[in-house]
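Understanding the architecture of this molecule
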Amino acid sequence: MAGLIEVGDEGWSASSWLFRWVLTRLADDAGLEQQLQSTLREIVEENLGWFSLEELGPADRSMVRSWLADLLVADADARLPIGLAERDAVLAYLAELAELAADGR
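Anyway, here's the lowdown on the structure attached to this text.

Scoring rules and cut-offs
Residues numbered from 1 in each chain as written. Predicted model: local features only at pLDDT ≥ 70, side-chain atom pairs only at ≥ 80, totals over all residues. Heavy atoms only, no water. Helix = DSSP H or I, 4+ residues; strand = E, 2+ residues; numbered from the N terminus. Expected span 1.5 Å × (residues − 1). Buried < 20%, exposed > 50% of the residue type's maximum accessible area, 1.4 Å probe, protein only. Arc of directions from axis to C-beta. Contact = heavy atoms within 4.5 Å. Pairing = 2+ DSSP bridges.

Focus on helix 3 (residues 58–70)
- Its 13 residues give helix 3 an end-to-end C-alpha distance of 18 Å, which sits within 8% of 18 Å, the value for a rise of 1.5 Å per residue.
- Looking only at helix 3, the buried set comprises D60, V64, R65, W67 and L68. Along the axis of helix 3, the buried positions cluster into a sector of 165°, meaning they face one direction only. Away from the buried face of helix 3 by more than 90 degrees, exposed residues P58 and A59 are located.
- Of the surrounding elements, those touching the buried residues of helix 3 are strand 1 (2–7), helix 1 (16–29), helix 2 (34–45), strand 3 (50–52), helix 4 (72–79) and helix 5 (87–103).

Below you can see the structure in the form of structure tokens.
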């Protein structure tokens, strides 16, 4: 199973564990409004597998894009286990999501 994050007209699809990890990190660390944090946690808990930045209001969308573009890869590098299989590939794939988010700002 996979999850999809829509960023503008583009989509970033990842394995379910990585999709859930990104949404959990967003909910925990991006300084988002409580309602959006709750929505992100619900997506993770219910295994909904889809999140669209375009459905957010302008302020939330901007905050999410900024966190993804500026902090996601560094956060992953600091938090993902050193022994994680394919760790470098995971970081590179997260960098693709960060680039999508940066392109839409």
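On we go.
Concerning the pairing of strand 2 (residues 10–15)
- Bridging between strand 1 and strand 2 involves 6 bridges; their strand directions are antiparallel. Looking at the pairing, L4 lines up with S13 of strand 2.
- Connecting strand 1 to the antiparallel partner strand 2 that follows it, the hairpin turn spans 2 residues, and G8 within it adopts a positive phi of roughly 65°.

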